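# Per-entry structural report
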Amino acid sequence: SIPTNYLSLHIYNGSDWNSNTVASLNTTTKSLQTTGLSGISLNQLTLATPPTWVGTGSPLWTTPINWVANYVPISTSNAIIQAGTLSNPVIASSVALKNLTINNGASVVVTDTIAIAGAITNNGTFKISSGTLVLNGTSAQTIGSTTINNDSIHNLVINNAAGVSLTAPLYLTGTLTPTAGTLSTGGNLTLVSTIAGTARIAQGSGNYITGNVNVQRFITAKSGRKYSYISSAVTQTIRNAWQQQIYITGTGTGGKTCGTTTGDGGNTDKYNSNGFDATNTNKPSMFIYNAAKINGSRYVSVPNTDYTNLVPGTGYIMNIRGNRNSTTYDCNNQLNATAYGAPEAVTLNATGTVTTGSLSVSLYDTAVSKFTLIGNPYPSQICFSTFQASNSATIYNKMWTYSPFGNGNYTTCMQGIATNCAMGFDNTNCDYIASGQAFFVQATQAGSSGTVTFQESNKAGATIPNTHYFGNAVNRLIRIGLKTVDSSALLDEVVVRFNTNGSKQYDANWDASSLSSASQTLTVVKGNSKIAIATLPGNLAEDTASLGVSSTANGQFRLAFSEYQGIDAAQSITLVDKFLGTTQDVRSKQMYDFTVTADTASQGNNRFKLVFGAANTLPVNFTAISATKTGADVTIKWNTANETNIASYEVERSTNGTAFNTINSKKAAGANNYAVADASLPANASTLYYRIKAIGTDGTTKYSSIAKLTTNNSPLTTIAIYPNPVNRDLNVTLSNAATGVYTVRIATVTGNPVYGKSGMTITGGKLNLDAGSFAAGVYVLELTDAKGNKYQEKFIKE
């Protein structure tokens, strides 16, 4: 099947092929005759022209008709990917090449494995968000700024004795496997940690990596402040590492809370004399475990942050308040406020040379303490039983660790049996210590300190629940049901989930086909495949899921959305109805009613799509917004510029400037000004807030500024709570001594209810409740009167 113009003729001397061309084959030659030769193979023929992608079939790399002359590249081939073809290649099974060239406008997506022995020349798009790149050349190879799009890769295998170098940032989301040779990072490698997973370096030998590495550790949001037991895989000062992402406090003099300068202890410095973030009390937030008690406690604050290094193998106990760079809670809220916000998610980062090979850590003498708090020194999960087996002379086969999401007790693991595991862990996977996790061990030797030694062979490749010792292990999915409108009876159902194994094309390992053939069906559409359970790539920065609906009869139906809470709240979820040109925010409204008519476009695979992505990406500019009260109504007006690809606008209203609800909508008409009326004002609201949400044809959104309107109505009442903070007795006073029947609700600041009762009669504006059973933290008391008016006040439970 190889055209003659792909061949050149060489002399064979009985043992070797001469590299000099003797004569070119005539284009009319139909065969090649040899004398005295046997066992000739394709690898002994020189290809004068590299295999070139023409993309006339499905996008699969291994489909012959996608290549010139049906020649699929082999390991010695230099493949060229052309632009302007009907399809772009997808590598869904393992392939190997010498050199790869991607022309401008062309793309290659890797969902399995691609091995490259030469160079990658990328002038188009090269994505490996869920696959593996193997570099297995015999001369030095390089990953540069244009090699991989978005500088992000899932798995990377180094199998080149001559070495591989990074000359530009590279963000690894999966596993780095050092098989042979050395990876020289040049300080460009980041091991990414998110709620979806944490990158790792697998077991290696010798000097398999040089240069600094940025090692991340994702810490999820929490409903209240609880300690985390963490460790570091690199050596770096606390100041230059974790203190860049979180506030770390401790004893010292001078400094000013939320100061403006970066010295230590000056009148305007944010840090005190020991480098800690200055607070009113300078209460420590970062500790090590010291068997020799200091001031009566084995939990001893680190001495300072600007000269004290994070030490691999050492365990740390941290009060992680949340994200230092938060746009929600300012510095004062995190450092000095008594009614502080719940800790937000944050990703810690430390930069340095990662721990490789063996590392020994000293244990405390059992005469002083049976226990030593040590930390996983590797950027990889390790197996405790394997670690203990290699240290059985110095520690017992049991360990203890702690989850900030548990019941306040320690997880205990011994010989395959575990108690108090974090959610998602069991007797099997509680044996694993995550990257960045600290744990207690018990020494066997009395009278001498002893040591334990971590080894590369302790690393584990098993998939463990990602972050519940640092955060929530949640499913990232959304469930969509097709229902009747009158009774909400379920007709069909699909699930869209997101992880690193997902892809835009059908994958039999991660997608389940829909076999539904009833009168009404719902499917997720990938190409020509109709799917019941679909898996999309884990990177949700921007993604789309197409939904197919069908009905044998006209009528009204409903789409119902649920179980989407595991998707990052920063990601918008928008349903786009292309038939009607409308959109709906799924988070704020979980039901969408639609009608199937005689129009064929009212059903099928092209009517609906779900768009996932960040807000504020539209080019539209809001140049003005106003709210004016006229009689019993409010007129909201807004002006726009650059109204491009806008499907509709939604008008949102709030009574507190924070929580907004949609009250009206307007289809985009290509105009520069719009107006709607609000004729259903909430009773007794003294102030109203309005904003406009623009929704693009692709589901992306953008908000206007907020218009504030004073209605001249007085609220019914205000609430006072005393004492605040509350110990046991929660005393509530209504400002106008109101008497009436109320619904009482108490919830955490994250919305988790802890108390609720309806039909409570309040007389003389006084209410008394027992808060003794509440855990310490910040809560919101909400009273709702018979007219539906709500009144809220925060309080602190000691």
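Above this text sits the structure in question.
Each value, and the rule that gives it
Residues numbered from 1 in each chain as written. Predicted model: local features only at pLDDT ≥ 70, side-chain atom pairs only at ≥ 80, totals over all residues. Heavy atoms only, no water. Disulfide = S-S within 2.5 Å. Helix = DSSP H or I, 4+ residues; strand = E, 2+ residues; numbered from the N terminus. Buried < 20%, exposed > 50% of the residue type's maximum accessible area, 1.4 Å probe, protein only. Pairing = 2+ DSSP bridges. Axes fitted to C-alpha atoms, helices over the stretch in contact; angles between N-to-C directions. Phe/Tyr/Trp six-rings, centres within 6.5 Å; stacked < 30°, edge-to-face > 60°. Salt bridge = Lys/Arg side-chain N within 4 Å of Asp/Glu carboxyl O.

With that out of the way, let us pick up the state of the cysteines. Joining two cysteines, a disulfide is a covalent bond between their sulfur atoms. Counted under the stated rule, the structure contains one disulfide. Each sulfur in the disulfide pair Cys-258 and Cys-331 lies 1.9 Å from the other. Judged by the torsion about the S-S bond (-100°), the Cys-258/Cys-331 disulfide is left-handed. In this pair, Cys-258 sits in the loop between strand S25 (236-237) and strand S26 (261-264) while Cys-331 sits in helix H1 (residues 331-335), placing the two residues 73 residues apart along the sequence. Cys-258 gets classed as partly exposed once you look at its relative accessible area, which sits at 25%. With a relative accessible area of 15%, Cys-331 lands in the buried category. We note that Cys-383 lacks a disulfide partner, and the nearest cysteine sulfur, in Cys-413, lies 9.1 Å from it. The exposure class of Cys-383 is buried, given its relative accessible area of 10%.

The next point concerns the sheet that holds strand S37 (residues 411-414). Strand order in the open sheet made by the five strands is S34-S40-S36-S37-S38, with antiparallel pairing throughout. Each edge of the open sheet carries a strand with a single partner, namely strand S34 (371-375) and strand S38 (417-419). On average, each strand axis in the sheet is tilted by 25° relative to the strand beside it, whichever way the strands run. In this structure, S34 lies alongside strand S40 (residues 438-443), joined through five bridges in antiparallel fashion. If you follow Thr-372 over to S40, its bridge partner there is Val-441.

Within this structure, the stated rule accounts for 28 aromatic pairs. A ring pair is formed by Tyr-410 and Phe-440, whose centres lie 6.2 Å apart and whose planes are at 70°; its orientation type is edge-to-face. Here Tyr-410, found in the loop between strand S36 (395-401) and S37, pairs with Phe-440, found in strand S40; they are 30 residues apart in sequence, far enough to count as distant. Note on Tyr-410: relative accessible area 29%, which makes it partly exposed. The interplanar angle of 75° and the centroid separation of 4.9 Å between the aromatic rings of Phe-498 and Phe-612 together place this pair among those described as edge-to-face. Of this pair, Phe-498 sits in strand S43 (residues 490-499) while Phe-612 sits in strand S52 (residues 604-613); the two residues are 114 residues apart in sequence, bridging distant segments of the chain. Here Phe-612 falls in the buried class, since its relative accessible area comes to 0%. A connected cluster of aromatic rings, assembled from ring pairs, spans Tyr-229, Tyr-289, Tyr-299, Tyr-364, Phe-371, Trp-400, Tyr-402, Tyr-410 and Phe-440.

So, on to the sheet that holds strand S53 (residues 621-630). Read from one edge to the other, the open sheet built from three strands follows the order S53-S54-S57, with strand pairing classed as antiparallel. Either end of the sheet is taken by a strand with one partner, and the two such strands are S53 and strand S57 (673-678). Geometrically, the sheet is characterised by an average inter-axis angle of 15° between neighbouring strands, direction not taken into account. Where S53 lies against strand S54 (residues 633-641), nine bridges are found, and the strand directions are antiparallel. Paired with Phe-622 across the two strands is Thr-640, which belongs to S54.

What follows deals with the pattern of salt bridges. Within the structure shown, the criterion is met by 13 salt bridges. We note a salt bridge from Lys-526 to Asp-511, for which the minimum N-O separation is 2.9 Å. Of the two residues, Lys-526 sits in strand S45 (residues 520-526) while Asp-511 sits in the loop between S43 and strand S44 (512-513), which places them 15 residues apart along the sequence. Taking the relative accessible area as the measure of exposure, Lys-526 reaches 5% and is therefore buried. Relative accessible area serves as the criterion here: at 5%, Asp-511 is assigned to the buried category. Between Asp-585 and Lys-693 there is a salt bridge whose closest N-O contact spans 3.2 Å.

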